[in-house]
Amino acid sequence: MDSRSHSRSRRRSHCRSHSRSRCRSQGAAGIVAQVALLLCSARGTSGEEVCDSPLVSNLPPASFRSSSQLSASHAPSFAKLNRRDGAGGWSPLTSDGYQWLEVDLGQRTKIAAVATQGRYGSSDWLTSYLLMFSDTGHNWKQHRQEDSIGSFPGNSNADSVVQYKLQQPAVARFLRLLPLHWNPSGRMGLRLEAYGCPHTSHVLGLDGSSGLLYRPSPGTRGSVREVVTLQFKTLRNSGTLLRAEGGGGGLGLGLELERGRLLLLTRGTERPPSSEPRRVASLGSLLDDQQWHRLAVERRGSQLNVTVDEHAERNLMLGNVTFSCAESVSVAVTFPGPRSFLRLPGATPSSSGGVSVGFQIRTWNKAGLLLTFDLPQQGGVVWLYLSEARLRLQIHKAGSALNDGQWHSVALTSSRGRLSIGVDGEGGGSAQAAPPYAVAVESHLFFGGCPAEDNEPRCRNPFNVFLGCMRLLSLNHLMVDLMMVQKKQLGIFSHLQIDMCGIIDRCSPSRCEHGGRCTQSWTAFRCNCSASGYSGATCHSSVYEQSCEAYKHNGNTSGHFYIDVDGSGPIRPQLVYCNMTEENTWMEIQHNNTEVTRVRPSPGARQRSLHFDYSTGDEQLSAAIGQSEHCEQELSYRCRKSRLLNTPEGSPFSWWLGGPGPGRVQTYWGGAQPGSRQCACGLRGDCVDPQHYCNCDADRTEWAEDSGLITHKESLPVRSLVLGDVQRPESEAAYRVGPLRCHGDRNFWNAAFFDKETSYLHFPTFHGELSADISFLFKTTASSGVFLENLGIKDFIRIELSSSTRVVFSLDVGDGPLEVRVESSVPLNDDRWHRVRAERNVREASLRLDALPAARRGAPADGHLHLQLNSQLFIGGTASRQKGFRGCIRALQLNGVTLDLEERARITPGVRAGCPGHCGSYGSLCRNRGRCAERANGFLCDCGLSAHTGAFCHTEVSASFKSGTTVSYTFKEPHESGRNSSARPSSVHSDTTLRGEDVSLSFRTNQSPALLLYVSSRHGESLALLINKHGEEAFILKEILPLSDNLPGCPSCFFLKLKIKKRGVRGVELTRLHIHVEPPSLVCVSWRLVSPGSEDVDPELSRLASLGFTGCLSVVRFNSVSPLKAALLHPHSSPVVITGPLVQSTCGSSASANPRASGSVGSGQPLVKSIRTGSALIGGTEPLVFRSQLRAITSNAMNVTPMSLHDRH
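The following refers to the structure shown. (Residues numbered from 1 in each chain as written. Predicted model: local features only at pLDDT ≥ 70, side-chain atom pairs only at ≥ 80, totals over all residues. Heavy atoms only, no water.)

Quick look at the overall build of the protein chain
So, step 1. In terms of helices and strands, the protein chain carries 11 helices and 84 strands.
So, step 2. Within the span of the protein chain, comprising 1209 residues, buried residues form 56% of the whole.
So, step 3. Within the protein chain, contacts between residues separated by at least 24 positions form 72% of all contacts whose residues are at least 6 apart in sequence.
So, step 4. Accessible surface, the protein chain as shown: approximately 51700 Å² in total, 49% of it carbon and sulfur. (Helix = DSSP H or I, 4+ residues; strand = E, 2+ residues; numbered from the N terminus. Buried < 20%, exposed > 50% of the residue type's maximum accessible area, 1.4 Å probe, protein only. Contact = heavy atoms within 4.5 Å. Areas by Shrake-Rupley, 256 points an atom, 1.4 Å probe, with all protein chains shown as cover.)

Following this line, the structure appears as structure tokens:
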């Protein structure tokens, strides 16, 4: 226990400066010029003197008081450490939650440690207790540790001594110890000692209208460093504490209390001031609690530091002033829990026949019962309560925002048939009710709540209980003596803390991160994270991914995304464009001018300076560039009689600034190397003038250009551009600085493979005292193993795969072990990537696995806050080398910082850098027959066999056809395709083992009839797909039914009956069609198709071909060939012939959003049995001759010919 407390103390002495309120202001010219103090202030001793003398052992018996004593030999004066006087220590009459032992130290003393011991020779000892301090014996303040722990550990037997060093020494005259728990086999028993040293101070009391003026000697003014320190305490929540006039025209400063918070104000030095003081910062909270608070004001040059409740470096001597500070005795009572209440006897009616009740409250809760009493004569009841932070009496209300933590006065008055309530006197609100009967309190008044119903049937509470503080209770204008209540001489109470207000401001300092707004109740705080870009109980975790690469692997396509490069770190999210249409995933960050901009001579200006403002901040830019594997930015200059860099020996005419901050001067151009003083042509050796290293330096009258990419990451982004040779009358120039483009995420694919249970990686201790988030991906075939572990003396944190379907996040921050677990419905040892995200903060611990709902466990409201770890961080195993993890861990981040697993794995036996095999996890992202191809870092969707394109083969390839447009595709013979090895797979691929034909396409048209697709072979077999005419309106294919009837005139042909749904011409939709054809039968669609050379060609088909096709065709596929895609994307490397205008369009992109077009029409049905054909035609109006010497006639339908043709006859 002792080692833990000491380690926490050492740790938090460093963290304290960050958690306390602190502000800085620029421009303070001199703060020790004039000082005015209002309120009660004090100056204490300073320095680090030895402060460990015993304080209790030599005190007289009169210095001890207690709530009760078992006998005279168990009196509190016997409660001295290691003494055996009397019965060997103090024991109260009853062992319950209302006992206390109080020690009067005689004067204000600095208390540094407390030690406890049980009663000698007994089974009586305390196992935990609270410490209270006071200057007056009233208005006690509970001492809390740095992380808000209120209880102190006690003893485990009667004789051993347990000493606890206070992390922050207390200064007080009175010490009170409240037992919480004791040996269940005995009673409460206590001997104690306190350790510290005397505390001397000069005290000044102020009444609100007086002040103290201090003028320093002239020699102290204008020094580099000036400090003012003081302590103050007050019951008022507003008032001026300190004013300082700046010397030499500098800013004046003011420190004022407003609603219990300290405001730092700056003022002008004019007389009178020309404007209202400007609020610079707000510090502290609940400073009107009549407790001492430390204030330090320090000036270092032009920087000002103001600190509240932190040890001051040195004190400003206010002279030899020794006045008394009047102590206002105000007994408060705290209602800390749901069973708290106070019952007081009813009051005698006043002369007017009425009654009045008054008190003050302070709370954070919006709701709770304040007062209730019944009306026995009328059989009624009165409730005075808070609801939504308003004061309500029955159905009337008054006041607002009463849950702001401030003291508010409440008055309830009954007089002459009216019941009135008022809040905060004349300046507050009020309301009245006129019940039809007189209101008189004849029984009891219950404050805060009610006893159990079976014990007190006269008290009913349909509302929440009140959690907060009350003071200044009065009945008929007579103050209630709460000390008599404490002595049980007046009223009845339960679970109250009397003579103290135990309110805590849980939002000061705020635990909400990243701008989250803190609100609180009596027992907890909450963070509103809306619009912050972060989530969680403390707004700690980013809701955005850290790179475009991560968005791609979530299945997203190109678009604008917010990325948060450091996750939960301090860098804010930034909006970028993620381009996922290429092999690499590009992040593009724009600036204010990415267009080609012409530069014209400016009169009197020898240079043109141009600055580029980016859409993200400098810190965000630097982080994004550093995280990326490659970055580039285009830099181009077009010139005519405008030189660029001059010769390497001369001074450059132009240069640019690039890199972090304002950038550094760069004298090379796009495409060249840093420091080369060259352009890209100079590096290649092909400049227009061999004597220069830039085309523009030739200074010719013809237009020239120097352009290229800046790829040196340390020089990016381009910040400014200075052009020097633009002032001559004949000079003309234009420049372009493109957007910053980066690809690759060095963190996302950083992985390590652990091949043994005894192998692990170790890193320095993880420091996540108040907030810790851990995220990573794993894949394994093992059923269990520890992913991560870090230990402390007692604290620890661990994440493990406990079974094939369960991940467990376990930790201990001093309150005992806590486990959060997530169960998966599918095995996790499937050798696929799974994502784990764990977070621990002062409110809760949470665990998320893949897309499953997060599991959460709340932390105790007043538990330990700081996670104290001191061992190495183990990844993939434990210090004991047991329960190690076998598999891959990737993209491991702790509090937004990526651990370089690969670098550490290269020097660690049993661990390998990298982890291949991503298609098993991400292959499903490749759609529409796209094939997943493995890469060293990630995967790639090969869309060669798909009619689609894009990062996931998800983008439809569509074209708008006019009446004169025809696309013809010729399928190559096997020997021809073998010779053309350089052709693209999407153009020439064929499967020679096909046992059937697959045809699919999407179309949109207003035309009917229309021929969509015609396929034929050199043997005369053919297949046609068309839309029939039915009336004067357009129709959309809905269902295809196979029939057994033969087509007249063609005994070997069959036809398909097309069942179509009538639809108006305006209601054009995109319809998907998929036909699967199996041999050996040949089926012709609606018309008999013969060789065009025959005289038996169907005249109707010829007529349709002459009409042409107007509309949209998309994702056309015949077996493994995508003829429309080949014509649009690879026209020069594919066997296609295009006649007429063919325009790539997005006309087919709405199909996925159209619920009526969500499926394939007739998908999977054996509709058309066909011989493989030699050519295909899409959208043509004129006969075309194909490689197979057949002529296909179609109307703007597409003509497709497979690569390998085999005659099945």
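Structural notes on the state of the cysteines
So, step 1. Across all of its chains, the model carries 15 disulfides by this definition.
So, step 2. Paired through a disulfide, Cys-529 and Cys-539 show a sulfur-sulfur distance of 2.0 Å. The chirality of the disulfide connecting Cys-529 with Cys-539 is left-handed, given an S-S dihedral of about -95°. Separated by 10 residues along the polypeptide, Cys-529 in the loop between strand S37 (525-528) and strand S38 (534-535) and Cys-539 in the loop between S38 and strand S39 (541-542) bring together distant segments of the chain.
So, step 3. Using a relative accessible area of 0% as the deciding quantity, one classes Cys-539 as buried.
So, step 4. What pairs with Cys-919 in a disulfide is Cys-932, and their sulfur atoms sit 2.0 Å apart. Taking the torsion about the S-S bond as the criterion, the Cys-919 to Cys-932 disulfide, at about -90°, is left-handed. Residue Cys-919 is found in helix H7 (residues 919-922), and its partner Cys-932 is found in strand S66 (residues 931-935); the two are separated by 13 residues along the sequence.
So, step 5. Cys-919 gets classed as buried once you look at its relative accessible area, which sits at 18%.
So, step 6. Assessed through its relative accessible area of 26%, Cys-932 is described here as partly exposed. (Disulfide = S-S within 2.5 Å.)

Things to note about the side chain of Glu-800
So, step 1. Tracing the chain through its elements places Glu-800 in strand S56 (residues 796-803).
So, step 2. Residue classification places Glu-800 among the buried positions, given a relative accessible area of 10%.
So, step 3. Among the polar contacts listed, one links the side chain of Glu-800 to the side chain of Lys-883, at a separation of 3.1 Å.
So, step 4. Residues in contact with Glu-800, not counting those within four places in the same chain, are Gly-785, Val-786, Phe-787, Arg-806, Val-807, Val-808 and Lys-883. (Polar contact = N/O pair within 3.5 Å; in protein donor to acceptor, adjacent residues only side chain to side chain.)

Quick word on the sheet that holds strand S47 (residues 664-666)
So, step 1. In space, the four strands of this open sheet follow the order S44-S49-S46-S47, with antiparallel pairing throughout. What marks the edges here is a single partner per strand, and that holds for strand S44 (608-611) and S47. Going from strand to strand, the sheet's axes swing by 20° on average, the running direction of each strand aside.
So, step 2. As paired elements, strand S46 (residues 655-658) and strand S49 (residues 718-723) share four bridges and run antiparallel to each other. (Pairing = 2+ DSSP bridges. Axes fitted to C-alpha atoms, helices over the stretch in contact; angles between N-to-C directions.)

Some thoughts on the environment of Phe-971
So, step 1. Summarising the element assignment, Phe-971 is placed in the loop between strand S71 (966-970) and helix H8 (974-979).
So, step 2. Look at Phe-971 and you get buried, because its relative accessible area is 1%.
So, step 3. Sequence separation between Phe-971 and Pro-1123 is 152 residues; the distance between their C-alpha atoms is 9.9 Å.

Brief notes about the pairing of strand S22 (residues 341-345)
So, step 1. Counting buried residues along S22, four of its five residues qualify, which places the element largely inside the surrounding structure.
So, step 2. As defined by bridge partners, S22 adjoins strand S31 (residues 444-447) across four bridges and the pair is classed as antiparallel. Bridging across to S31, Arg-343 finds its partner in Phe-446.

Focus: the sheet that holds strand S58 (residues 818-823)
Strands pair in a sheet through their backbones, by hydrogen bonds, and they do so in one of two ways: parallel or antiparallel.
So, step 1. One open sheet holds the six strands; their spatial order is S53-S62-S55-S56-S57-S58, and the pairing between them is antiparallel. Only two strands of the sheet have a single neighbouring strand rather than two, namely strand S53 (761-763) and S58. On average, adjacent strands in this sheet sit at an angle of 15° to one another, irrespective of strand direction.

Digging into the pairing of strand S10 (residues 162-182)
So, step 1. Sheet analysis places strand S6 (residues 101-117) next to S10, joined by 11 bridges and oriented antiparallel. Across the sheet, residue Leu-101 finds its bridge partner in S10, namely Leu-177.
So, step 2. Bridge count between strand S7 (residues 126-134) and S10: eight bridges; the pairing is antiparallel. Each bridged residue has a counterpart across the sheet, and for Leu-126 the counterpart in S10 is Trp-182.

Observations regarding the pattern of salt bridges
So, step 1. A complete count under the given rule lists 33 salt bridges for this structure.
So, step 2. A salt bridge links Glu-545 to Arg-835, with the nearest nitrogen and oxygen atoms 3.2 Å apart. You can see Glu-545 sitting in the loop between S39 and helix H3 (548-552) and its partner Arg-835 sitting in strand S59 (residues 834-840), a full 290 residues away along the chain.
So, step 3. Owing to a relative accessible area of 14%, Glu-545 belongs among the buried residues under this scheme.
So, step 4. Since its relative accessible area comes to 25%, Arg-835 is described here as partly exposed.
So, step 5. Among the salt bridges present, the one from Arg-728 reaches Asp-725, with a minimum N-O distance of 2.8 Å.
So, step 6. A relative accessible area of 17% means that Arg-728 is categorised as buried.
So, step 7. By relative accessible area, which is 1% here, Asp-725 ends up buried. (Salt bridge = Lys/Arg side-chain N within 4 Å of Asp/Glu carboxyl O.)

Some details on unusual backbone geometry
So, step 1. For the bond from Ser-508 to Pro-509, the omega torsion is 0°, close enough to zero to count as cis.
So, step 2. On the secondary structure map, Pro-509 appears in the loop between strand S35 (497-498) and strand S36 (517-520).
So, step 3. In the segment running from Leu-716 into Pro-717, the intervening peptide bond is cis, with an omega of 0°.
So, step 4. Along the chain, Pro-717 falls in the loop between strand S48 (704-710) and S49.
So, step 5. Located in the positive-phi region is Asn-139, a residue other than glycine, with phi close to 50°.
So, step 6. In this fold, Asn-139 is placed in the loop between S7 and strand S8 (141-142).
So, step 7. Accessibility expressed as a relative area gives 17% for Asn-139, which makes it buried.

Spatial relationships are all this shows, so hold off on functional conclusions.
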